[in-house]
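So the chains spell out like this:
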Amino acid sequence: MDKPFTWRSARAEEVYNRAITAGRHCASVVKTSWRSLSSSGHITQSSALLLALLAIGCLVALIFRGRKSEAHATRPPTPTTPRLEKGQPRELGKWTPSDFRMPAPEPYPDWSVEDTKPLPYRPFRYGPRYNVTMGLKTVKHEDWIELDNHFPRFHADKTRRIAERGDKLCKTAPEAYPAAVELLEELTDYLPARYPSLYKRTKVGLDNLWSGESFDITARPLAEDPMQMCARLVQDDLAIMMERADGQYYLLAGCIVLPGFWRLTDKFGMPLSEIHTSGDVPQFREKLEKGMMNLFRRLKPEEMVGRHNYFFQVDDDLGWSWSVGPEDSDVNSHVGWYTAEKGRAIDHHYFRSERQTLWRLPKSGGIVFTIRTYFHKVREVAEEDYVPGRLASAVRSWGDDVSRYKGKERYADVLLEFLDQKHEEQVARGLDLNREDEVRAYPY
């Protein structure tokens, strides 16, 4: 069942062997010509020049051929942390308001709440190695929030869950309240400009043209927690990290309505590092902590970064995966994808991917963390060309720590058998595996 996909390694070896053969051929031609001229005793300046040009030509051809072949034989590199400039030294826990204002975005092209499909993020790579990295990439400000025709489902699920358990999902500490209001103001400016067929700017806030809701952001007090109001506007879950005098960033505002397997109440008030270590994030101390802390300290309002991840879920509840255990369990800290129901049929398997962005609010200095979930049946994504083979290879590449964190043992047998079968079907119908890099590129 656990069959490796080795076509890429074989292809790389073929490229290498061809390059070696070509190099030896060039050397043989030059050597033979030199011996011929030497034996004749007629080595002129012009003949020596021709031999030099022949050698250079062979070398250039060899390099070009090698690079051309390499471009087809290797995957694009994993995105790395963008180079963020070091800001001016400042007192920890203090932020001087910035004059930066987010540029007004252009309307999303032909956006429709009925027809605009979710972007097909497939953020996984072929094995045999799985590298634990932040995997950051630069995000344009105009691409901050992504909405699509799954908005009605997200809106309905958020509305229901906020009504049922709002105070457990949304919370803002007093010291983060100005930042939460600032986020609400930023969304109020951004959304009508980016999605004018869904939102309309008003004198006091904005209207949702699809749902009929009106949001007044000027009333004091606000009708509800500002983070909760923000969460109603978008498909993302939202959090704000605030820096304190010890230089640590703390989770002090959030509305986490559709997390799948973790609770805001368990993480609220924690510093950044503890949020990750308490969740047993693989290799956080060794490979992620230093870079993440530097990123938070250096990030400026003029910059925005993003990353992707993915998991597998064996039930269809977007808000809370009931298969991992009760949402209100007293032992929630011991609940995760690794406690999911084992061996469920493939029809119950869902591909759950997150697009996360980080942006520093200009006035308050709080760092906004957006978490947009993409949720699809595994059967659906496995119909896409190249996906089942690449996904199976990625799952097989997880180390023991990543496998536990992602709950591999709970679903791997069923999942990999299915993905292998779909991969074989694609190959049998003539899918050209050598063309994958031409038609798909990370994170798609």
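Only a predicted model underlies this, so the values are computations on that prediction, with no experimental measurement involved. (Residues numbered from 1 in each chain as written. Predicted model: local features only at pLDDT ≥ 70, side-chain atom pairs only at ≥ 80, totals over all residues. Heavy atoms only, no water.)

Asks: Help me understand the pattern of salt bridges in this model?
Replies: Pairs can form between side chains of opposite charge once their charged atoms are near each other. According to the stated counting rule, one finds 29 salt bridges in the structure shown. Two residues, Arg165 and Glu327, come together in a salt bridge whose shortest N-O distance is 3.4 Å. Placement of the pair is Arg165 in helix H3 (residues 151-169) and Glu327 in the loop between strand E8 (304-313) and strand E9 (350-360), with a sequence separation of 162 residues. The class of Arg165 is buried, set by a relative accessible area of 12%. A salt bridge links Arg165 to Asp328, with the nearest nitrogen and oxygen atoms 2.7 Å apart. Here Arg165, found in helix H3, pairs with Asp328, found in the loop between E8 and E9; they are 163 residues apart in sequence, far enough to count as distant. If you follow the salt bridges from partner to partner, you end up with Arg161, Arg165, Lys168, Glu327 and Asp328 in one network. (Salt bridge = Lys/Arg side-chain N within 4 Å of Asp/Glu carboxyl O. Helix = DSSP H or I, 4+ residues; strand = E, 2+ residues; numbered from the N terminus. Buried < 20%, exposed > 50% of the residue type's maximum accessible area, 1.4 Å probe, protein only.)

Asks: Explain the pairing of strand E10 (residues 367-377) to me, please; I cannot follow it from the model alone.
Replies: For a regular strand, side chains alternate in direction, first toward one face of the sheet and then toward the other. Within E10, nine of the eleven residues are buried, which leaves it mostly tucked inside the rest of the structure. Two strands pair when backbone bridges link them, and E9 and E10 are joined in this way by eleven bridges, in the antiparallel orientation. Following the sheet pairing, Trp359 is matched in E10 by Val368. In this structure, the hairpin formed by E9 and E10 is closed by a connection of six residues, where Gly365 is found at a positive phi of approximately 80 degrees. (Pairing = 2+ DSSP bridges.)

Asks: I would appreciate a short explanation of the sheet that holds strand E1 (residues 137-138) in the present structure.
Replies: Strands belonging to one sheet form pairs held by backbone hydrogen bonds; the direction of such a pair is parallel or antiparallel. Read across the sheet, seven strands follow the order E1-E8-E9-E10-E6-E7-E2 without closing on themselves; strand pairing throughout is antiparallel. Each having just a single partner strand, E1 and strand E2 (170-172) make up the two edges of the open sheet. Across ten bridges, E8 lies against E9 in antiparallel orientation. When the sheet's bridge partners are listed, Tyr310 is paired in E9 with Ser353. This element, H3, spans E2, strand E6 (237-243), strand E7 (249-255) and E10 of the sheet and lies at about 60 degrees to E2. (Contact = heavy atoms within 4.5 Å. Axes fitted to C-alpha atoms, helices over the stretch in contact; angles between N-to-C directions.)

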